[in-house]
Amino acid sequence: KIPSRGGRDRRDRKYRIKMEDTVAIKIVRNVKRYYDSALIEAQILKDVNNQGGRGKSLCAVLLTEFDLHGHHCLVFECLGRSLYDFMKTHGFKPFPLFCVRDFARQLLDVLDFIHSMGLIHTDLKPENILLKSNKERPYRLPDGSDQQVPASTAIKLVDFGGATYDRDRKKTSIINTRQYRAPEVILGLGWS
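Below or above, wherever it landed, is the structure these notes cover. This structure is a prediction, so every number in the text was calculated from the model and none was measured. Each chain carries its own residue numbering, running from 1 in the written order of its sequence. Local features in this predicted model are restricted to residues of pLDDT 70 or higher, and side-chain atom pairs are both shown and tallied only at a pLDDT of 80 or more, whereas totals for entire chains, interfaces and linings draw on every residue. In computing side-chain properties, one takes all heavy atoms of the structure into account and sets aside hydrogens as well as water.

## What to know about the pattern of salt bridges
The term salt bridge refers to a side-chain nitrogen of Lys or Arg lying within 4 Å of a carboxyl oxygen of Asp or Glu. For the structure on display, the rule yields ten salt bridges. Residue glutamate 77 pairs with lysine 156 through a salt bridge whose shortest N-O separation is 2.8 Å. Of this pair, glutamate 77 sits in strand 3 (residues 71–77) while lysine 156 sits in strand 8 (residues 155–157), and the two are 79 residues apart along the sequence. Accessible area is worked out with a 1.4 Å probe on protein chains only. A residue is then buried under 20% of its type maximum, exposed over 50%, and partly exposed in between. Given a relative accessible area of 6%, lysine 156 falls into the buried group. Several salt bridges share partner residues, and in doing so they unite Lys26, Glu41 and Asp159 into one network. We count a stretch as a helix when DSSP gives it H or I for four or more residues in a row; a strand needs E for two or more, and each element gets its number in order from the N terminus.

Printed below as a string of structure tokens:
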């Protein structure tokens, strides 16, 4: 159950989240560095969600946050699987070109949006790109075979836990997942 905020009754219709709505909750362990990181992620998401402009709708929506026995909980809209999990479920078959084009267009839009705020995600990877829905449909390939594709190619960028503003003077040299680390980070050349 999501605790009420500011003394509001859970039955209050003005409360942003109805108790029967499905949400996703990210529970961050009660470890100081993780907890502090969750607070930073929540503030960044509030900034992103309050900003206007093209690409805003392509970022995860933080609905609320709360503490539970010392663990920090971030409550998000419920989304579908990550692009990685979709591919894994289907034997890592590549997405058809129309999917790749749609994903790329949306990614360029969301990156343009967050970069316009001076924000750097730092952990862009298929695991942090979620489909808006888990629905699938068959797709006929040029060779005549069928494969499952997302019914909708709409995506959202998630996990702003490592995000940083370009204006921040101190930037860690250990960013993003090792398998996706950029050359300038590996070589210690500085980054922005």
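Once you've had a look at it, read on.
## Regarding the pairing of strand 7 (residues 146–150)
In this description, strands pair whenever DSSP reports at least two bridges between them. Pairing of strand 6 (residues 136–140) with strand 7 involves five bridges; the strand directions are antiparallel. Opposite arginine 140, over in strand 7, you have aspartate 146 as the bridge partner.

## Observations regarding the sheet that holds strand 3
Two orientations exist for strands paired in a sheet by backbone hydrogen bonds: parallel and antiparallel. Taken in spatial order, the three strands make up an open sheet running 1-3-2, and their pairing is antiparallel. Both outer strands of the open sheet, strand 1 (23–28) and strand 2 (62–68), are each paired with one neighbouring strand and no more. Sheet twist, expressed as the mean angle between neighbouring strand axes with direction ignored, is 20°. Pairing geometry for strand 1 and strand 3, over six bridges, is antiparallel. Lines fitted to C-alpha atoms define the axes, with helix axes restricted to the stretch in contact, and inter-axis angles between N-to-C directions lie between 0 and 180 degrees.

## Comments concerning helix 3 (residues 97–116)
In this model helix 3 runs 28 Å from its N-terminal to its C-terminal C-alpha over 20 residues, within 8% of the 28 Å that 1.5 Å per residue would give. Within helix 3, the full set of buried residues consists of Cys99, Phe103, Gln106, Leu107, Asp109, Val110, Leu111, Phe113 and Ile114. In what follows, a contact means two residues having at least one pair of non-hydrogen atoms within 4.5 Å. Against the buried residues of helix 3 lie helix 1 (32–50), helix 2 (83–89), strand 4 (119–120), strand 5 (129–131), strand 7 and strand 8. Count one or two residues on from helix 3 and you reach glycine 118, which has phi positive near 80°. Here the expected span of a helix is defined as 1.5 Å times the quantity of residues minus one.

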